[in-house]
2 protein chains.
Amino acid sequence: MDKNKDKLYKIRHSLAHVLAKAVLEVDPGAKLAIGPPVEDGFYYDFELSDGFKIGDPELKNIQKRMRKMVQKGFEPIKAELSYDQAKEAFAQQPYKLELIEEFKDGEAPITTYEIAGFTDLCEGPHVESAHDIDARAFKLSKVAGAYWRGDEANTMLTRIYAYAFETPGELDAHLEMLEEAKKRDHRKIGKEMGLFTFSDFVGGGLPLFTPRGTLMRELIVDKIDSIQKQYGWERVTIPHITKSDLYKTSGHWEQYKDDLFYVKGKSDTEFVMKPMNCPHHTQIYDAEPHSYKELPIRYTETTMVYRDEQAGELLGLSRVRSITQDDGHAFCTEDQIEQEVRSIISIIKQFYTSLGMLTEGNYWVSLSVMDPANPDKYMNENGIFEKAEKILEDIAKEEKLPYKRIEGEAAFYGPKLDFQFKDAIGREWQLGTVQLDFSMPKRFNLTYTNKNGERETPIMIHRAIAGSLERFLSVIIEHYAGDFPTWLSPEQVRVVPVADAHSEYAHNVLAALEAAGIRASLKEATDSLGKRIRNAKKAKVPYTLVLGDKEQEAHSVTAEVRNGEKLEISLNDFIERVKKDIESSA
Amino acid sequence: MDKNKDKLYKIRHSLAHVLAKAVLEVDPGAKLAIGPPVEDGFYYDFELSDGFKIGDPELKNIQKRMRKMVQKGFEPIKAELSYDQAKEAFAQQPYKLELIEEFKDGEAPITTYEIAGFTDLCEGPHVESAHDIDARAFKLSKVAGAYWRGDEANTMLTRIYAYAFETPGELDAHLEMLEEAKKRDHRKIGKEMGLFTFSDFVGGGLPLFTPRGTLMRELIVDKIDSIQKQYGWERVTIPHITKSDLYKTSGHWEQYKDDLFYVKGKSDTEFVMKPMNCPHHTQIYDAEPHSYKELPIRYTETTMVYRDEQAGELLGLSRVRSITQDDGHAFCTEDQIEQEVRSIISIIKQFYTSLGMLTEGNYWVSLSVMDPANPDKYMNENGIFEKAEKILEDIAKEEKLPYKRIEGEAAFYGPKLDFQFKDAIGREWQLGTVQLDFSMPKRFNLTYTNKNGERETPIMIHRAIAGSLERFLSVIIEHYAGDFPTWLSPEQVRVVPVADAHSEYAHNVLAALEAAGIRASLKEATDSLGKRIRNAKKAKVPYTLVLGDKEQEAHSVTAEVRNGEKLEISLNDFIERVKKDIESSA
């Protein structure tokens, strides 16, 4: 959202003021903190009067008042105040006073907006008038606690969230998407399928993967490996900690030092947990001298990195502290950039095609390039940055990728391509990425000997296919709602004998499935048949085999397929069908 | 070594006194610290007089004086002193005085030994007389620095090391073994083969594995996995950090808290890096309720643990800070102990057989049992400890394992079996292990529902097959001196065209090898043929193919085999031969 241009931003911003006004109507003593627009609406933080609480009835009342204000109409009026005037105007609002302090020695004037007769400290922008807002297109959604300025040492405030859109239709679609997302919540499905767990002893954001969850991780990694092996990627192995010297040299220190986990042993050495792998990989490259003939050298590794996320930000597998990256770094000459980027894009395309996610309209690629207004910000020796941008754009065109140039989004050290995928309910996720890097090889004095026997600095390419395995799993669990392609299902067939009498036949069927390389399990008749079939559905098993007298006699199976289909076929035909399903889905 | 019974211990101990006497002869002002026997000899620490240094000539002189003292003969004379008498006797020896302080309030008398006219503070025991010592069976080996009491804050002392044995033959054999070990040093071979590296930016004891080293790690892990999969072991995945609560509950805290890496983020939570995996694995077990019908449940994982080893103790891959364990934990009922232990032993036997290391006389198994003198030290509810000891011993007998009962070596929570292997030059390494644990499941309240619907506590079995992958690699690199079985060689065939004219044929051969699943590389004719063949030998490649006119015309190869053999055969025959070699060596 570009806040100056975006109509939706302005609607949400103005509605935040309307919310504050409505809260002051029901709790005139409320102290106001801040109220910004957010991704799907806005919020406002309040310190409510002693004893005043906001439950469902209050929320309804506040929303009703907001609608009325919008229907009644208003035109935001902007004013400019000096520091002293502002101090006086907001004398009763301690949080506003704290914000005003930041303007004490500044030159910019302090601005306020009056909306529906209520004046708030605000830099804008806002709608022209209430006519721009559809009173049916917003909805207060929930109340939560939030610390002033996000700092646990400060007062806990009351945050009121709202969804807001341009039209009631968009609001309804969003509410429906949220309802659907709730059903698909990877935490719920992950539990039902028994994929991962958390432990209070171990701590938040540190998932433990069960055999099934581990199997899914491995199937994903193996799939990527089987594709990238053809392109010359080789696996390496690094430890999870390093002396801080590594990041001081790589240049990551300044940017990351507040989000690192620091590691302390008996010695004075300052160790940290790695938040990324690239600097470690440079050290493997640098272990031996290299000739141009060996390049590109391509290292890949599936390894955990650690980032000190705030406890309040942790969410299932979407936001964790132990992040498994399928990371890769190629070292190449300038001439090899094109071939390398092309092969990485090919890996990304093959992988997401196998997941059925690379379909028209369901993905796009962002090409992050220099900000033309600030060319000096970038490492552009001999115009290499621009050359590289052109290479990336040419490839995007040739590969017919639906791409957008995003100016100013590139890092100072090189342009990049990011793959953005839409999931089944329309949410967008950035997954695969290719990023050029003209800086790090220089910082570590990496070299190779060129054709003329001179030392040159290689170019480094960072790439991820699935990105973080945890986040990737959360995305695909919700995308498929657990109904993974059969090749990726941790359990492909569940065998359910009707009664104890069919146990032996069921075991024979299980053995035949396993011998055919099909992942299967058997649930004996200790629970009711109905319950066992329901459990198999909950666990999202693609095929459930119900085996009774009839099947036993005919050496056949009755298979309940995940899509509702029912098959009554011979065991051999069933095995062939599942094998074909696995192959075609992979 | 049992110091009261062991003759070698006494010889080494008495020789340490003789060394101190000889040093005092050449540097009468030397201050004496301590001088204990060690694995292959003894050492003594001295604070030498200002300006006095011990180089090779001094070392020779000291050794000559020691030999003379032994040849002249002596009989150690023991004396008992009070605290005050001892203070007076050692008034000129500050380190001895510091040691004497520890006896200040004690009841035990302070003992001294007079050997060859020199009296030292010592608790014994010693030889009866110099006749027990062969003056040709010891050798001063080196001089090194060592801090008083191992503490960097203390004075740096001069440590003189010596080898000492009962006979000159044993000394010679030891020196020969050391010479051989030097040639096989895994740090040297690892570098020549390009398996791993260290970086000053990353830090000591934190190896980085190249593609070749990573491949070897994976071949080892895959081999173990392929064996243990048949026994129902399933892989899980855990993070490398945890709240300290996990170890406070598991009971590891007290024992390990000084050797842990502590992890600090923005929050107040106390995190640590995991030094072991068992407590994490209990949390995966505990994520769901379990019935006796599901047991045994077996989790395995190849994952890095971190231990804060002293910088001075680090040594190549033998002693590292990031330790990759091939760890496994089974949860079972008491009735299942036997079947589980038997299957784990079977895995260990299959794995080491495939490495050719499980041959008679080259391994033995230690059975660690209770100390009969302290039965109360052990968790022996309903005699389970004794029952388990008997199960382990019965299995050891039935499996015809060459085992020794070692009383008092068991942990308080359960008995164990450790596999000890001799390498090619006779050094012994403890590798595979099976350890019963009656404690941890109780500490974490793990349960399963038994046949009668009651909750019971499972038994936990810890097991490792290769142990630490780093240490295992260091052992097998030195055992094979880099000449790994072909299945384990990172590069199985190296293709060396004689000249540029043979490059195309060489590439065809390379492609044919790779198509047959053989790991091969090609070195173009940019260096001399001799140099390339020598490099292939250094890299311990089992087969080097030299391809010239003759081979190109005949579509054949000339293969230099690692064992010195030379093959001149068709390409197809060569491929068949290598494939057979890989299969039979695996």
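Residues numbered from 1 in each chain as written. Chains lettered and ligands numbered in written order. Predicted model: local features only at pLDDT ≥ 70, side-chain atom pairs only at ≥ 80, totals over all residues. Heavy atoms only, no water.

Topic: the overall build of chain A
Per the secondary structure count, chain A includes 18 helices and 28 strands. Dimensions along the principal axes, computed over C-alpha positions, put chain A at roughly 90 × 75 × 55 Å. With 586 residues in all, chain A has 55% of them scored as buried. Restricting the contact set of chain A to residue pairs at least 6 apart, pairs at least 24 apart contribute 70%. For chain A, the accessible surface area stands at approximately 26300 Å², while carbon and sulfur atoms represent 46% of it. The averaged location of the 97 negative side-chain charges in chain A is 3 Å from the averaged location of its 78 positive side-chain charges. (Helix = DSSP H or I, 4+ residues; strand = E, 2+ residues; numbered from the N terminus. Buried < 20%, exposed > 50% of the residue type's maximum accessible area, 1.4 Å probe, protein only. Contact = heavy atoms within 4.5 Å. Areas by Shrake-Rupley, 256 points an atom, 1.4 Å probe, with all protein chains shown as cover. Lys, Arg positive; Asp, Glu negative; His and termini not counted. Charge placed at Lys NZ, Arg CZ, Asp CG, Glu CD.)

Points about the side chain of Asn450 of chain A
All names here are of chain A. Residue placement: Asn450 occurs in the loop between strand E21 (448–449) and strand E22 (455–456). At a separation of 2.7 Å, a polar atom in the side chain of Asn450 contacts the side chain of Glu456. Once you skip the residues sitting within four places of it in the chain, Asn450 turns out to touch Tyr292 and Glu456. (Polar contact = N/O pair within 3.5 Å; in protein donor to acceptor, adjacent residues only side chain to side chain.)

Examining the pattern of salt bridges
This structure, assessed with the given rule, holds 82 salt bridges over all chains. Among the salt bridges present, the one from Arg405 of chain B reaches Glu393 of chain B, with a minimum N-O distance of 2.5 Å. Here Glu393 of chain B lies in helix H12 (residues 384–398) and Arg405 of chain B lies in strand E18 (residues 403–407), a separation of 12 residues in the sequence. Given a relative accessible area of 38%, Arg405 of chain B falls into the partly exposed group. Residue classification places Glu393 of chain B among the buried positions, given a relative accessible area of 14%. A single network of salt bridges, built from pairs that share partners, joins Glu338, Arg342, Lys349, Glu398 and Glu399 of chain A. (Salt bridge = Lys/Arg side-chain N within 4 Å of Asp/Glu carboxyl O.)

A look at the sheet that holds strand E14 (residues 271–273) of chain A
Ordered by their spatial adjacency, 6 strands build an open sheet running E12(A)-E14(A)-E13(A)-E13(B)-E14(B)-E12(B), and the pairing between neighbours is antiparallel. Looking at the sheet topology across the chains shown, the edges are occupied by strand E12 (241–243) of chain A together with strand E12 (241–243) of chain B. With strand direction ignored, the average angle separating the axes of adjacent strands in the sheet is 40°. As defined by bridge partners, strand E13 (residues 262–264) of chain B adjoins strand E14 (residues 271–273) of chain B across 2 bridges and the pair is classed as antiparallel. When the sheet's bridge partners are listed, Tyr262 of chain B is paired in E14 of chain B with Val272 of chain B. (Pairing = 2+ DSSP bridges. Axes fitted to C-alpha atoms, helices over the stretch in contact; angles between N-to-C directions.)

With respect to the packing of aromatic side chains
Within this structure, the stated rule accounts for 44 aromatic pairs over all chains. One aromatic cluster in this structure is built from Phe351, Tyr352, Tyr363, Phe419, Phe421 and Phe472 of chain A. One cation-aromatic arrangement involves Arg12 of chain A over Phe165 of chain A; the distance from NZ or CZ to the ring centre is 5.1 Å. The side chain of Lys223 of chain B reaches across the aromatic face of Trp487 of chain B, ending 4.7 Å from its centre. (Phe/Tyr/Trp six-rings, centres within 6.5 Å; stacked < 30°, edge-to-face > 60°. Lys NZ or Arg CZ within 6 Å of the ring centre and 35° of its normal.)

Digging into the interface of chain B and chain A
Each partner contributes to the interface: chain B provides 57 residues, whereas chain A provides 57 residues. Summed over both sides, the interface of chain B with chain A buries roughly 4600 Å², with 61% coming from carbon and sulfur. Among the residues of chain B in contact with chain A, Phe201, Thr237 and Lys266 of chain B are the three that bury the most area, contributing 16% of the side total. Across the contact surface, chain B and chain A share 6 salt bridges. For Glu218 of chain B, the salt bridge goes to Arg235 of chain A, with nearest N and O atoms at 2.6 Å. It is helix H7 (residues 211–228) of chain B that contributes the most residues to the side of chain B that touches chain A, 4 residues altogether. The class makeup of the residues in the side of chain B that touches chain A is 24 nonpolar, 17 polar and 16 charged. (Buried area = accessible area lost by both parts, 1.4 Å probe. Nonpolar A, V, L, I, M, F, W, Y, C, P; charged D, E, K, R; others polar.)

Looking at the pairing of strand E5 (residues 110–115) of chain A
Residues and elements named next belong to chain A. By the criterion of burial, E5 is predominantly enclosed, with 5 of the 6 residues buried. Pairing of strand E4 (residues 77–81) with E5, which is carried by 5 bridges, proceeds in the antiparallel orientation. Directly across from Glu80, in E5, lies its bridge partner Thr111.

Description of the confidence of the model for chain A
Residues with a pLDDT of 70 or more make up 99% of chain A, whose mean pLDDT is 93. If you check the scores for this complex, the pTM reads 0.87 and the ipTM reads 0.86. (pLDDT = per-residue confidence, 0-100.)

Here's the deal with unusual backbone geometry
The step from Gly124 of chain A to Pro125 of chain A runs through a cis peptide bond, and the omega angle for that step is -5°. Structurally, the position occupied by Pro125 of chain A is in the loop between strand E6 (118–121) and strand E7 (138–147). Omega for the bond connecting Leu295 of chain B with Pro296 of chain B falls within 30 degrees of zero, at -10°, which places this linkage in the cis form. Positive phi outside glycine occurs at Lys400 of chain A, with the angle close to 55°.

Overview of the relation of the copies chain B and chain A
Between the two copies, chain B and chain A, the superposition gives an RMSD of 0.2 Å; the rotation angle is 180° and the shift along the axis is 0.2 Å. This pairing of chains is accounted for by a two-fold axis. Within chain B, Val263 of chain B has its C-alpha nearest the rotation axis, a separation of 2.3 Å. Taken as a fraction of all interface residues of chain B, those also at the interface in chain A reach 100%, which identifies the copy contact as same-surface. (Least-squares fit on C-alpha atoms with pLDDT ≥ 70 in both.)

Describing the environment of Arg12 of chain B
Residues and elements named next belong to chain B. Here Arg12 is to be found in helix H1 (residues 7–26). In this structure Arg12 comes out as buried when scored by relative accessible area, which is 1%. The spacing of Arg12 and Thr353 is 341 residues in sequence and 38 Å in space, taken between C-alpha atoms. Looking at Arg12, its side chain comes within polar contact range of the main-chain oxygen of Glu39, at 3.0 Å. Polar side-chain contacts of Arg12 include one of 2.8 Å to the backbone oxygen of Ala164.

Concerning helix H12 (residues 384–398) of chain A
For an α-helix, 3.6 residues make a turn, and residues three or four places apart therefore share a direction. Residue and element names in this part refer to chain A. For H12, built from 15 residues, the straight-helix expectation of 21 Å at 1.5 Å per residue is met to within 8% by its first-to-last C-alpha distance of 21 Å. Those residues of H12 that sit buried are Ile384, Phe385, Ala388, Glu389, Leu392, Glu393, Ile395 and Ala396. Lys400 sits one or two residues past H12 and shows a positive phi near 55°. (Expected span 1.5 Å × (residues − 1).)

Some words on the sheet that holds strand E20 (residues 428–437) of chain A
Residue and element names in this part refer to chain A. What the 8 strands build is an open sheet, ordered E11-E15-E16-E23-E20-E19-E17-E18; its pairing is mixed. What marks the edges here is a single partner per strand, and that holds for strand E11 (234–235) and strand E18 (403–407). Where strand E16 (residues 322–332) and strand E23 (residues 459–468) come together, 7 bridges link them in antiparallel fashion. The residue of E23 that forms the bridge with Cys332 is Ile459. Docked against the sheet, helix H11 (residues 337–354) engages strand E15 (297–306), E16, strand E19 (416–422), E20 and E23, running at close to 5° with respect to E23.

Considerations on H7 of chain B
Relative to the 26 Å expected for 18 residues at 1.5 Å per residue, H7 of chain B spans 25 Å between its end C-alpha atoms, a close match to the ideal helical length. Buried residues dominate H7 of chain B, accounting for 13 of its 18 residues.

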